[in-house]
2 protein chains.
Amino acid sequence: MENERDNAGYTGIRDENVVYIGKKPTMSYVLAVVTQFNKGVKEVRIKARGNSITKAVDVREIVADKFFPDVRDLSIRTSTEELVNEDGTRSKVSAIQITLSRGLLTGGLGRQQLSGADHSHALHVNAGADNRKPG
Amino acid sequence: MENERDNAGYTGIRDENVVYIGKKPTMSYVLAVVTQFNKGVKEVRIKARGNSITKAVDVREIVADKFFPDVRDLSIRTSTEELVNEDGTRSKVSAIQITLSRGLLTGGLGRQQLSGADHSHALHVNAGADNRKPG
């Protein structure tokens, strides 16, 4: 599948603070984001393209829903990337980039709950408890 | 498939200016958005959940790439919806809402090209020319 090739590099954290969404289970990427924030990072960027876009949104939602209710979107941007196929033709693929933050300026945020109680959630507590439906 | 049931209503424009992404081909929804803008609507909202989220992003990107280069995102928001299954259990599903605008305030927009030349693009010109790759 072209899928496999195109997402070959999207298997976890590559650049610092960037989580590339690929073929692993959703909770692997949730763990990657949670780990970054638990290390004290203020911003984590989730990147995905093609069919992984839905998984990127799932990751963002599970992080906010189960782990860090105080997380917020610094930005959500979509884009179009052009890929060169093996036969030399070009294909376009949509991409998304979700930049999350914690612990930055906190004024006037709708979804925010600064309980401070869940900073070190163990992943296993929730793993498997949020099997998102595909549609 | 639960998919079918959950997205049963997501088959086109339902509320005014809202395009719900469902099981139809991507270009159907591109046409729906383009039609709204061609009617003079200033804002169109694209809504999707679950696996249709990727298609929503494709629609947004194709509208911007092929039809209205001056379109911009008023907002992109994600959320979690809770569904009640047939057996009474509940499932969570991620959702996205992309609000696009044309012809509103135009100051300082990075992607904007106000050529004004493409307001009445015929869909068939581009239909099939942007078969997005799944990943």
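Everything that follows concerns the structure shown earlier in this document.
Just so it is clear, the structure is predicted and the values come from calculations on it, not from any experiment.

> Whenever I open this one, the packing of helix α2 (residues 26–38) of chain B against helix α3 (residues 52–67) of chain B confuses me. Can you help?
Residues and elements named next belong to chain B. Close contact between α2 and α3 brings their axes to 9 Å; oriented N to C, the two are set at 55°. On the basis of the axis angle, α2 is oblique to α3. For the pair α2 and α3, the crossing hand works out as right-handed. Counted together, Thr-26, Met-27, Tyr-29, Val-30, Val-33 and Val-34 of α2 and Lys-55, Asp-58, Val-59, Ile-62, Val-63 and Phe-67 of α3 form the full contact between these two elements. Each residue belonging to the contact of α2 with α3 can be placed in one class, and the counts come to 9 nonpolar, 1 polar and 2 charged.

> Explain the pattern of salt bridges here, please?
It is possible for side chains bearing opposite charge to pair when their charged atoms get close. All names here are of chain A. For the coordinates displayed, the defined rule picks out 12 salt bridges over all chains. Among the salt bridges present, the one from Glu-81 reaches Arg-49, with a minimum N-O distance of 2.6 Å. Taken together, the residues Glu-81 in strand β3 (residues 72–84) and Arg-49 in strand β2 (residues 43–49) connect sequence positions 32 residues apart. Overall, Glu-81 belongs to the partly exposed group, its relative accessible area being 27%. Each of Arg-60, Glu-61 and Asp-73 takes part in a single network of salt bridges with overlapping partners.

> Is there a simple way to explain the packing of aromatic side chains in this structure?
Each aromatic ring pair is summarised here by two numbers: the centre-to-centre distance and the angle between the ring planes. Residue and element names in this part refer to chain A. Tallied over the entire structure, the rule returns 2 aromatic pairs over all chains. Here the aromatic rings of Phe-37 and Phe-68 are separated by 5.7 Å at their centres, their planes lie at 85°, and the arrangement is edge-to-face. Residue Phe-37 is found in helix α2 (residues 26–38), and its partner Phe-68 is found in the loop between α3 (52–67) and β3; the two are separated by 31 residues along the sequence.

> What am I meant to see in the sheet that holds β3 of chain A here?
Within a sheet, each strand pairs with its neighbour through backbone hydrogen bonds, oriented either parallel or antiparallel. Strand order in the open sheet made by the 4 strands is β1-β2-β4-β3 (chain A), with mixed pairing throughout. Each edge of the open sheet carries a strand with a single partner, namely β1 (18–20) and β3 of chain A. Averaged over all neighbouring strand pairs, the angle between strand axes comes to 20°, with direction disregarded. Both β1 of chain A and β2 of chain A contribute to a ladder of 3 bridges, which runs parallel. What sits directly across from Val-19 of chain A, in β2 of chain A, is Ile-46 of chain A. In the packing of α3 of chain A onto the sheet, contacts are made with β2, β3 and β4 (90–101) of chain A, and the angle to β4 of chain A comes to roughly 5°. Where α3 of chain B meets the sheet, its contacts fall on β3 and β4 of chain A, and the angle it forms with β4 of chain A comes to roughly 115°.

> Explain the environment of Ser-28 of chain B to me, please; I cannot follow it from the model alone.
Mapped onto the secondary structure, Ser-28 of chain B falls in helix α2. When the C-alpha positions of Ser-28 of chain B and Val-59 of chain B are compared, they lie 9.1 Å apart, and in sequence the two are 31 residues distant.

> When you look at the side chain of Asp-70 of chain A in this model, what are you seeing that I'm missing?
Residues and elements named next belong to chain A. One can find Asp-70 in the loop between α3 and β3. Residue classification places Asp-70 among the buried residues on the basis of a relative accessible area of 8%. Here Arg-102 takes part through its side chain, which lies 3.0 Å from a polar atom of the side chain of Asp-70.

About the thresholds
- Residues numbered from 1 in each chain as written.
- Chains lettered and ligands numbered in written order.
- Predicted model: local features only at pLDDT ≥ 70, side-chain atom pairs only at ≥ 80, totals over all residues.
- Heavy atoms only, no water.
- Axes fitted to C-alpha atoms, helices over the stretch in contact; angles between N-to-C directions.
- Helix = DSSP H or I, 4+ residues; strand = E, 2+ residues; numbered from the N terminus.
- Parallel < 35°, antiparallel > 145°, perpendicular 65-115°, else oblique.
- Left-handed = near helix turned anticlockwise from the far one by under 90°.
- Contact = heavy atoms within 4.5 Å.
- Nonpolar A, V, L, I, M, F, W, Y, C, P; charged D, E, K, R; others polar.
- Salt bridge = Lys/Arg side-chain N within 4 Å of Asp/Glu carboxyl O.
- Buried < 20%, exposed > 50% of the residue type's maximum accessible area, 1.4 Å probe, protein only.
- Phe/Tyr/Trp six-rings, centres within 6.5 Å; stacked < 30°, edge-to-face > 60°.
- Pairing = 2+ DSSP bridges.
- Polar contact = N/O pair within 3.5 Å; in protein donor to acceptor, adjacent residues only side chain to side chain.

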